[in-house]
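Listed below are the residues making up each chain.
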Amino acid sequence: MGLTWMAWTWQTATFFGVIALLLVAMTVWEFASPGGAPRRGVLGIETTRGDRLFISLLGSAFIHLAWLGLVGPDLWWALGLSLIYAVAVFRWV
Amino acid sequence: MDKTWNNRAWFMVLPVLALVAFNAIIPLMTVVNYSVQETFGDNVFFFEGVIWFQQVLNSDRFHAALGRQLTFTFTILAIEIPLGVAIALAMPRRGFWVSVCLVLMALPLLIPWNVVGAIWNIFSLPDIGLLGRVLNSFTHYNYTREPGDAWFTLILMDVWHWTSLVVLLAYAGLQSIPDAFYQAAKIDGASPWAVFRYIQLPKMKRVLIIAVLLRFMDSFMIYTEPAVLTGGGPGNATTLLSIDLVKIALGQFDLGPAAAMSIIYFLIVLLLSWIFYTVMMRGEGQQ
């Protein structure tokens, strides 16, 4: 069975590859220094590391969409903003 | 207290993961792949980058459909949740009538969605439908022509179809309250409102969270019933997101824009569900 029906491009393959790598990295991180216990951050909700990754990824998706809709198709800035946002989420949420 | 974590249990989840991969993750990946390309069929694709996303985000058509979708979802939530709780409170707690009420409540849930649409389509027809005829004897009503009437019928249909789900869930929550709670409230001379506010509502909280989430997600993705009832009309008055999506994907065969719209749609559902869940589960940890 070929995969032509899935219409892969290297860009989307990279996208999914990065997400898969993130999940692997999170697993390795948890094994190397366990810290997955929930904690309460600035939002007042209990989050684990996995929750913070979810919040980072979902937030990044909306940062990209907002940039695309309001500014333009140059998404490198949105990517930079998302990285800052993700670091902030992991640090304070 | 130190808890022993045993992550090996996660391996038990693998079969489910494989199943989900086939029915959700792989199709979703394909949609992502489609969303950055243009195709004219024959499995030939041309890379277009983020142009479809930009097009959808800036399209008035999408904004209007999203606005209609949000209006629909929050209207039916505002009606179905309080109404469902009220009916559950009014239902008998024991005796013969319990089964009668439960069966009556379960009936609308057993009817296939397209049949519900067809029933209401005929029931509301202004010239021969029962509802249409009755309404027309008081006022002018024609859901096939007037947007307001179409919305009224659509919301009435959803409330008829799905309030039962909220009733059944809320009723299950109510049944789990031991009699001792009510007796204590009686001794304290608590008013019916106080009983509801401090005993029944907190005990129903968890099932109500499930009810709100289920109704939110289902109503946000609703397709069959409005498609059969109004087909999105009159004009575009009841074209909700899913109906618009099907029009773009299958009507116009614009797979790229449709895929981009699906992803935006999916992200909105994910975000709103997460917000609902987080807000409602807040403080659950201390209880």
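Small disclaimer: the values here were computed from a predicted structure and weren't measured.

**Focus: the overall build of chain B**
From N to C terminus, chain B includes 12 helices and 2 strands. Written out in order from the N terminus, the α and β elements of chain B read α-β-β-α-α-α-α-α-α-α-α-α-α-α. Looking at chain B residue by residue over its 287 residues, the buried ones come to 43%. Considering only contacts within chain B whose residues lie at least 6 apart along the sequence, 68% involve residues at least 24 apart. Side-chain charges of chain B comprise 16 positive and 17 negative groups, with the mean position of each set lying 14 Å from the other.

**Thoughts on unusual backbone geometry**
As a rule of thumb, non-glycine residues mostly have phi less than zero, and peptide bonds are mostly trans rather than cis. Within the chain, Ala7 of chain A stands out as a residue other than glycine whose phi angle is a positive 55°. Relative to the elements of secondary structure, Ala7 of chain A occurs in the segment before α1 (10–32). Although it is not a glycine, Phe253 of chain B adopts a positive phi angle of roughly 55°. By the secondary structure assignment, Phe253 of chain B is in the loop between α11 (241–251) and α12 (255–281). With relative accessibility at 45%, the residue Phe253 of chain B sits in the partly exposed group.

**Focus: the pattern of salt bridges**
Residue and element names in this part refer to chain B. Tallying each qualifying case throughout the model produces 8 salt bridges over all chains. Measuring nitrogen to oxygen at the nearest pair gives 2.9 Å for the salt bridge that ties Glu80 to Arg215. With Glu80 in helix α3 (residues 60–90) and Arg215 in helix α9 (residues 192–220), this pair connects stretches of sequence that are 135 residues apart. Given a relative accessible area of 0%, Glu80 falls into the buried group. On the basis of relative accessibility, which here comes to 1%, the residue Arg215 falls in the buried class. The network of salt bridges with common partners includes Glu80, Asp158, Arg215 and Asp218.

**Some remarks on the interface of chain A and chain B**
On the chain B side, the residues contacting the 25 residues of chain A number 25 residues. The largest share of the area that chain A buries against chain B comes from Met6, Leu65 and Leu68 of chain A, three residues that together contribute 21% of it. Remark: the boundary between chain A and chain B carries 0 salt bridges. Summed over the shared surface of chain A and chain B, the number is 3 residue pairs in polar contact (both at pLDDT 80 or more). Those elements giving two or more residues to the side of chain A that touches chain B turn out to be α1 and α2 (49–70) of chain A. The greatest single-element share of the side of chain A that touches chain B, amounting to 8 residues, is contributed by α2 of chain A. Its residues placed into classes, the side of chain A that touches chain B shows 17 nonpolar, 7 polar and 1 charged.

**Description of α2 of chain A**
In this model, α2 of chain A (22 residues) spans 31 Å end to end at C-alpha, consistent with the 32 Å of a helix rising 1.5 Å per residue. Every buried residue of α2 of chain A is accounted for by Arg49, Arg52, Leu53, Ile55, Ser56, Leu58, Gly59, Ser60, Ile63, Leu65 and Leu68 of chain A. Its buried side turned inward, α2 of chain A meets α1, β1 (39–40), β2 (46–47) and α3 (76–92) of chain A together with α2 (51–57) and α12 of chain B.

Analysis parameters
Residues numbered from 1 in each chain as written. Chains lettered and ligands numbered in written order. Predicted model: local features only at pLDDT ≥ 70, side-chain atom pairs only at ≥ 80, totals over all residues. Heavy atoms only, no water. Helix = DSSP H or I, 4+ residues; strand = E, 2+ residues; numbered from the N terminus. Buried < 20%, exposed > 50% of the residue type's maximum accessible area, 1.4 Å probe, protein only. Contact = heavy atoms within 4.5 Å. Lys, Arg positive; Asp, Glu negative; His and termini not counted. Charge placed at Lys NZ, Arg CZ, Asp CG, Glu CD. Salt bridge = Lys/Arg side-chain N within 4 Å of Asp/Glu carboxyl O. Buried area = accessible area lost by both parts, 1.4 Å probe. Polar contact = N/O pair within 3.5 Å; in protein donor to acceptor, adjacent residues only side chain to side chain. Nonpolar A, V, L, I, M, F, W, Y, C, P; charged D, E, K, R; others polar. Expected span 1.5 Å × (residues − 1).

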